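# Reading the structure
Residue-level listing of the chains:
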Amino acid sequence: MPQHGNAVYFTFDDGPTPGVTEAVLDLLEAHEAKSTFFVIGKNVEQHPELYQRILAGNHSVGNHTHHHERGWQTPLNDYLTSIEQAAKKVSSALFRPPYGRITRAQVQALKPHYRIVMWDILSYDFDQKQTPEQCAHRVMQKLQPGAIVVFHDSMKAKKNMLPALEACLAYCKKMKFIPMALPMSYHAY
Ligand SMILES: [Zn+2]
């Protein structure tokens with residue numbers, strides 16, 4: 001993102017997940033931080049109250065498809081249908097492709113309607129070989145104003161993500177970085 005003061009952008013993929021997303025929201029609230037949640041449409045359908053809690057906290061949301069399809073293995077029309085299905089629940093011009101992989105044709109089809117948001121820093125919180133300290137250190141090493149960071153509010157990532165997030169939020173306070181939500185409107189970019 002273009003630098004806006006000391007803003008940094010934490011993002012959470014693959015939720016909302018009961019037992020995980022609540023803990024993320026509590027931590028963010030305790031640190032007066034805002035973030036962006038790239039939600040899976042199916043999960044929003046299954047956990048509407050948790051999705052509402054994200055919105056009520058003034059965080060941003062983005063479309064992450066309905067079933068977490070792999071772009072490279074999904075025909076264009078099926079991919080777009082999945083995104084449209086998720087868009088019925090998720091009102092946002094932000095889109096992040098699952099696995100960070102998307103075909104040129106998919107990008108071309110989405111570009112007029114969505115801002116495709118990748119990242120600068122991957123925490124690797126989903127990697128079971130990593131410790132929370134390693135995840136936090138990886139983020140802190142590269143964190144600078146304008147950076148977009150990926151965490152996952154998933155069961156698999158929980159063990160690493162929650163302590164790493166807490167450490168990163170404390171680091172932001174020390175460095176005077178301000179975790180903010182990405183603007184959700186197309187024309188904000
Ligand atoms: Zn994902």
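Note that the coordinates shown come from a computational prediction; the quantities given were computed from them, not determined experimentally.

A word on the side chain of Asn63. Its place among the elements puts Asn63 in strand E3 (residues 60-63). Assessed through its relative accessible area of 0%, Asn63 is described here as buried. Every residue in contact with Asn63, bar those within four places of it in the chain, is listed here: Phe38, Val39, Ile83, Ala86, Ala87, Val90, Leu94, Phe95, Arg96 and Tyr114.

With that settled, consider the environment of Lys34. Of note, Lys34 is situated in the loop between helix H1 (21-30) and strand E2 (36-39). Residue classification places Lys34 among the partly exposed residues on the basis of a relative accessible area of 32%. When sequence neighbours within four positions are dropped, the list of residues in contact with Lys34 reads Gly57, Asn58, His59, Pro179, Met180 and Ala181.

Once that is clear, we can look at the nonpolar core. Of all hydrophobic cores here, the largest spans 34 residues; its most connected members are Phe10, Phe12, Leu143, Phe151, Met161 and Leu165. Elements represented by at least two residues in this core include exactly strand E1 (7-13), H1, E2, helix H3 (48-56), helix H6 (132-142), strand E7 (148-152) and helix H7 (155-175). The element that contributes the greatest number of residues to this core is H7, accounting for nine residues. If we ignore the near neighbours within four places in the chain, the residues touching Phe12 are Val24, Leu28, Ser35, Thr36, Phe37, Phe38, Phe151, Asp153, Met161 and Leu165.

Helix length check: H7 (21 residues) gives 30 Å between terminal C-alpha atoms against 30 Å at 1.5 Å per residue, within 8%. Considered for burial, the residues of H7 that qualify are Ala157, Asn160, Met161, Leu162, Ala164, Leu165, Cys168, Leu169, Tyr171 and Cys172. Looking at the buried positions of H7, the neighbouring elements they touch are E1, H1, H6, E7 and strand E8 (178-179). Downstream of H7 by one or two residues, Lys176 has phi in the positive range, about 65°.

Definitions and limits used
Residues numbered from 1 in each chain as written. Predicted model: local features only at pLDDT ≥ 70, side-chain atom pairs only at ≥ 80, totals over all residues. Heavy atoms only, no water. Helix = DSSP H or I, 4+ residues; strand = E, 2+ residues; numbered from the N terminus. Buried < 20%, exposed > 50% of the residue type's maximum accessible area, 1.4 Å probe, protein only. Contact = heavy atoms within 4.5 Å. Core = buried A, V, L, I, M, F, W, Y, C linked by side-chain atoms within 4.5 Å. Expected span 1.5 Å × (residues − 1).

Note that all results are geometric; they support no functional claim without further evidence.
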